[in-house]
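# Inside the fold
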Amino acid sequence: MSLQSGLDALKQKRYQEAVELLEQFCRDCVDGRANASGESDSSDYLSAQMWLIKAYQATGEIEKAKILCQKLMMSEDPQTRSWAEQASQSFRQTPSNASQKAGRAVATGMKLTMGGVGGSLALASGVTMTLLFGMVFALGLSLVFILGSDNPQQGLAIAIGITLVFNIAAFFLSPFLMDLTQSWLYQTRWVELAEVETLSPETAKVIRQVCEQKKLKAPRLGIINDQNPTAFTYGSLPNSARLVVSQGLFTYLDDDEIATVYAHELGHIVHWDFAVMTVASTLVQICYLIYSTARRFGRGGDSKIKDAMQTAALAAYVFYVIGTYLLLYLSRTREYFADHFAAESTGNPNGLSRALVKIAYGILEEGSRTQEPSRLIEGTRALGIYDHKAAASTGTAYRIASDTQKVGRVFLWDMFNPWGWWMELNSTHPLTGKRVRALSTYAEQLGLATEFDMGRVIGEGKTLSKSRLYSNFFLDVVLYGAETIGFLVGLVIGVILLSSSPNTGLVLGAPLIGLGIGILIKALVMFPDYKQAPETDILTLMSDPYASPLRGQPAKLKGQLIGRGDAGYKFGSDLKIQDRSGMLYLHYASRFGPIGNFLFGMKRVKSLIGEQVGAVGWFRRGVAPWMDLIQLQSENGTIVNSYHRFWSFILGSGSIILGMVLIMFLSS
């Protein structure tokens, strides 16, 4: 792909074609010659980006033009910086989506009612911490007794001491350990408030205002040189908190939106969220440590101690699982309250709504420019303001939306599909649609028009077929455990038949037959016939409020393979496909199982990246949407087949055959 072809299309006013050609040229430059930050520094690459800004302006994609211009303003080339600074002036007179954004309150600090959103932060924190401390204390006590303490009072004192010392040490040392981790992994740069003020004047104003009102010392401010937009805070005490953002936040968000993100993070500091989460996370890890230790000591030695250790290991693992879900619940609750704090302290709930959507868009855009997933976004998933796994649907909608209704429609799944609630249980953050809905209620209380017409979304949601939503959901939940159900039913039938027959093979064979039948039934629902799969685009798939993580939806897509889908795994076999409407992960399955997946990721994936392809597969929607791949066909004739359904049928049929063989063999 040549630069000249893109320039010719631009000169001939074939603007959409020019965008595609110039974007492709930029991707080829990055793939072929990249510096340490993952960007090409060639003159042709910089020229292509300048012309791409003009092409974006011509097609009305002003937000993309502004973001790209801001990046060029940080270029190492002085001529490029100068050009970008002059070009940025034109955006002040150019209409864009941002010019249509909803307003904000004149005054700040107005009290806003949450109306039950997020529950009670104090209750969630108190219950979670009490239960977790109780779990760790009980486990510590049991281990002390098991190890032979003859004095129960002494054992009690030792258990209390272990619990308190470990958690106090973790509480005060964890911020410094995090500082070291931040410096090592992300090269965090600590800055003064004055530097932040040059990047976002309103942010500095918000920080000063909140710290003065709450009588807090200004947090230590950090910036990570990464274009993936994110923000997080950590620490042990409010006056020693750290507030870190990535450079991408200043690239993708406007000044008032950046200020709401900082206000959100300040809300975590004011509420002591980071401190509570630090201790709670430590307690959950203690449960896992006790589980692994007790399991190791329970493998040999005296039978009495062995049995006791195994019991303690089982109890510790149960507490670990319960504690993990308590921690996730607490994490989601604190996000709602931090959003509420940001809305009150800035008087700009609409700004935070836009910020959440633009952060999703930024994560999606940066993901489309690199072949490897971001280590920063993956590593700070629990800490960050946004769960990057939920970015695909919201970011895709914002990417092509000319109005906020198209963005709002992808929230239907978040708010009305029961799978949304189910999947949210395993997430550190509330679903985006629910957060935007809460922020919209705050805007209404302030007498403002809402950024996203959530009333329309709610109205459309009420017209959805409840029977279709819930009947599919309950059936799918059962089907999720079809293998286990089939195995247990087969075992019961085998035991019943054994009472009237001497064939011991029934007890072994019947459960295997039941297991196989369960696998096959589940496979028929997960992988329906795809021969009539309709051609569609990624946004249409993501806007389907009935989409399920189990019930596969056959679909055909046309787009470009832009990278691997496996975070931090250079031999990953999964891929990312991008069309004009968005990006989607493709899950690959070799006919040779895990070994075949590894070999495919090692030998084939790199050669496929950059290819224009047609993809056929089964679309699924969870917190993150994806497609189980059936076939890829590139323009040069390369065909890649994937075998998800094949393996289900092999395992199911094999289990049934093995069960029948056992019954026949043991009956003779």
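Residues numbered from 1 in each chain as written. Predicted model: local features only at pLDDT ≥ 70, side-chain atom pairs only at ≥ 80, totals over all residues. Heavy atoms only, no water.

## With respect to the overall build of the protein
Quick reminder of the rule: The secondary structure listing takes helices from DSSP runs of H or I that are at least 4 residues long and strands from runs of E that are at least 2 residues long, numbered from the N terminus. Using a 1.4 Å probe on the protein chains alone, a residue whose accessible area is under 20% of its type maximum counts as buried, one over 50% counts as exposed, and one in between counts as partly exposed.
Counting its regular elements, the protein contains 28 helices and ten strands. In the protein, which comprises 668 residues, the proportion classed as buried is 53%.

## Points about the pattern of salt bridges
Where we set the bar: Here, a salt bridge means any side-chain nitrogen of Lys or Arg that lies within 4 Å of a carboxyl oxygen of Asp or Glu.
According to the stated counting rule, one finds 16 salt bridges in the structure shown. Between lysine 358 and aspartate 254 there is a salt bridge whose closest N-O contact spans 3.3 Å. Note that lysine 358 is positioned in helix H14 (residues 349–368) and aspartate 254 in the loop between helix H10 (247–252) and helix H11 (255–270), a separation of 104 residues in sequence. For lysine 358, a relative accessible area of 3% gives the class buried. Of the charged contacts, one joins glutamate 335 and arginine 334 as a salt bridge, the two residues approaching to 3.8 Å between their closest N and O atoms. Take glutamate 335 and arginine 334: they sit in the same class, and that class is buried. Here the residues in one salt-bridge network are Asp254, Asp256, Glu257, Arg354, Lys358 and Glu451, joined through shared partners.

## A look at the packing of helix H22 (residues 466–480) against helix H24 (residues 505–526)
Note the cut-off: Axis definition: a line fit to C-alpha positions, over the contact stretch in the case of helices; interaxial angles, taken between N-to-C directions, run 0 to 180 degrees. Roughly parallel here means an angle under 35 degrees, roughly antiparallel means over 145, roughly perpendicular means 65 to 115, and every remaining angle is called oblique. By convention the crossing between two helices is left-handed if the near helix lies anticlockwise of the far one by an angle smaller than a right angle, and right-handed if it lies clockwise. Contacts: residue pairs with any heavy atoms within 4.5 Å of one another. Amino acids are sorted into nonpolar (Ala, Val, Leu, Ile, Met, Phe, Trp, Tyr, Cys and Pro), charged (Asp, Glu, Lys and Arg) and polar (every other residue, Gly among them).
H24 packs onto H22 with a crossing angle of 135° between their chain directions and a minimal axis gap of 10 Å. In this view, H22 runs oblique relative to H24, as classed from their interaxial angle. Of the two elements, H22 crosses H24, and the hand of that crossing is left-handed. Across the interface between the two elements, Asp476, Leu479 and Tyr480 of H22 pack against Ile521, Lys522 and Val525 of H24. Classifying every residue of the contact of H22 with H24 by side-chain character gives four nonpolar, no polar and two charged.

## A few points about the pairing of strand E8 (residues 612–621)
Heads up, the rule is: Strands are labelled as partners when DSSP assigns at least two bridges between them.
Burial of E8 is extensive: eight of the ten residues sit out of reach of the surface. Direction of pairing for E8 relative to strand E9 (residues 625–634): antiparallel, over a ladder of nine bridges. Within E9, the position partnered with arginine 620 by the bridge is tryptophan 626.

## So, helix H4 (residues 62–72)
Because an α-helix completes one turn every 3.6 residues, residues spaced three or four positions apart along the sequence face the same direction. Among the eleven residues in H4, ten count as buried, and that is most of the element. Taken as a whole, H4 has its buried residues at Ile62, Glu63, Lys64, Ala65, Lys66, Ile67, Leu68, Cys69, Lys71 and Leu72.

## Brief notes about the environment of alanine 280
For alanine 280, the location among the structural elements is in helix H12 (residues 273–297). Between the alpha carbons of alanine 280 and glycine 323 there is a distance of 8.4 Å; along the sequence they are 43 residues apart.

## Concerning the nonpolar core
Let me state the cut-off plainly: Take the buried Ala, Val, Leu, Ile, Met, Phe, Trp, Tyr and Cys residues and link them wherever side-chain atoms come within 4.5 Å; each set so joined is a nonpolar core.
Core analysis: the biggest nonpolar cluster contains 99 residues, and Leu249, Tyr262, Tyr386, Ile577, Leu586 and Leu632 have the highest contact counts within it. Non-local contacts of tyrosine 386, meaning those with residues more than four positions away in its chain, are made with Leu356, Ile359, Ala360, Ile363, Ala391, Thr394, His429, Thr432 and Arg435. Ala9, Ala18, Leu68 and Ala87 belong to the second largest nonpolar core, which has 25 residues in total.

## A look at the packing of aromatic side chains
We count it as follows: Centres within 6.5 Å are what make two rings of Phe, Tyr or Trp a pair, Trp counting through its six-membered ring; a difference in plane orientation under 30 degrees is then read as stacked, over 60 as edge-to-face, and the rest as tilted. Put simply, a charge is over a ring when the Lys NZ or the Arg CZ is close to the ring centre, within 6 Å, and near the line of the ring normal, within 35 degrees.
Under the counting rule described, the total for this entry stands at 15 aromatic pairs. Relative to tryptophan 647, the ring of phenylalanine 646 lies with its centre 5.7 Å away and its plane at 80°, an arrangement referred to as edge-to-face. A relative accessible area of 28% means that tryptophan 647 is categorised as partly exposed. In this structure an aromatic cluster arises from ring pairing among Trp419, Trp421, Trp422, Tyr470, Phe473, Phe474 and Tyr480. Arginine 468 extends its terminal NZ or CZ atom over the ring of tyrosine 546, reaching a point 3.8 Å from the ring centre. One cation-aromatic arrangement involves lysine 531 over tyrosine 530; the distance from NZ or CZ to the ring centre is 5.8 Å.

## Some details on helix H23 (residues 482–498)
Rules: How far a helix is expected to stretch is found by multiplying one less than its residue total by 1.5 Å. Read the arc as the range of directions from the helix axis to the C-beta atoms.
Given a rise of 1.5 Å per residue, 17 residues ought to cover 24 Å, and the 24 Å separating the end C-alpha atoms of H23 matches this to within 8%. Listed as buried for H23 are Ala482, Gly486, Gly490 and Gly494. Down the axis, H23 shows its buried residues gathered within 100° of arc, on one side only. Pointing more than 90 degrees away from the buried face of H23 are the exposed residues Thr484 and Ile496. Summarising the contacts, the buried residues of H23 are in contact with H22 and H24.

## Structural notes on the sheet that holds strand E3 (residues 231–234)
Ordered in space as E1-E2-E4-E3, the four strands form an open sheet in which the pairing is mixed. The open sheet has two edge strands, strand E1 (189–191) and E3, and neither has a second partner. The average undirected angle you get between the axes of adjacent strands in this sheet is 30°. Each of strand E2 (220–224), E3 and strand E4 (242–246) is contacted by H11, which is oriented at about 20° to E3, the strand it contacts most.

## Some points on a nonpolar patch on the surface
How we decide: Here, patches come from residues exposed beyond 30% relative accessible area and free of salt bridges, joined within 9 Å for like charges and within 5 Å for nonpolar side chains (Val, Leu, Ile, Met, Phe, Trp, Tyr). Method for areas: the Shrake-Rupley scheme with a 1.4 Å probe, in which residue coverage is limited to the protein chains shown.
Side chains of Val478, Ile485, Val489, Ile493 and Leu497 sit close together on the surface and give an oily, nonpolar patch of about 400 Å² of accessible area. With four residues, the top contributor of residues to the nonpolar patch is H23.

## A short note on the pairing of strand E6 (residues 575–579)
Summarising burial for E6: five of the five residues are buried, a large majority. Two elements, E6 and strand E7 (residues 582–587), share five bridges in a ladder whose sense is antiparallel. Bridge pairing in E7 places glutamine 578 opposite methionine 583. Linking two consecutive strands that pair antiparallel, namely E6 and E7, is a turn of two residues.

## Re the side chain of serine 246
Applicable threshold: The definition of a polar contact used here is a pair of N or O atoms within 3.5 Å, where within protein one atom must be able to donate a hydrogen and the other to accept one, and adjacent residues in sequence count solely through side-chain atom pairs.
As for its position among the elements, serine 246 is in strand E4. Taking relative accessible area as the criterion, serine 246 reaches 0% and is therefore assigned buried. A polar atom in the side chain of serine 246 sits 3.0 Å from the backbone nitrogen of threonine 230. Excluding residues that lie within four positions of it along the chain, serine 246 makes contacts with Ile224, Asp226, Asn228, Pro229, Thr230 and Leu376.

## Remarks on unusual backbone geometry
Even without glycine at this site, lysine 215 takes up a positive phi of about 55°. Checked against the element boundaries, lysine 215 lands in the loop between helix H9 (201–213) and E2. Lysine 215 sits in the exposed class, given a relative accessible area of 71%.

## Thoughts on the environment of valine 492
You can see valine 492 is positioned in helix H23. With relative accessibility at 48%, the residue valine 492 sits in the partly exposed group.

## A few points about the confidence of the model for the protein
Convention followed: What pLDDT conveys is the predictor's confidence in a given residue, as a value from 0 to 100.
In the predicted model, the protein carries a mean pLDDT of 80, and 79% of its residues have values of at least 70. The low-confidence segment residues 34–38, where pLDDT is below 50, has four contacts with residues more than four positions distant or belonging to other chains. Contacts from residues 92–99, a stretch scored under 50 in pLDDT, to residues over four places away or in other chains number nine contacts.

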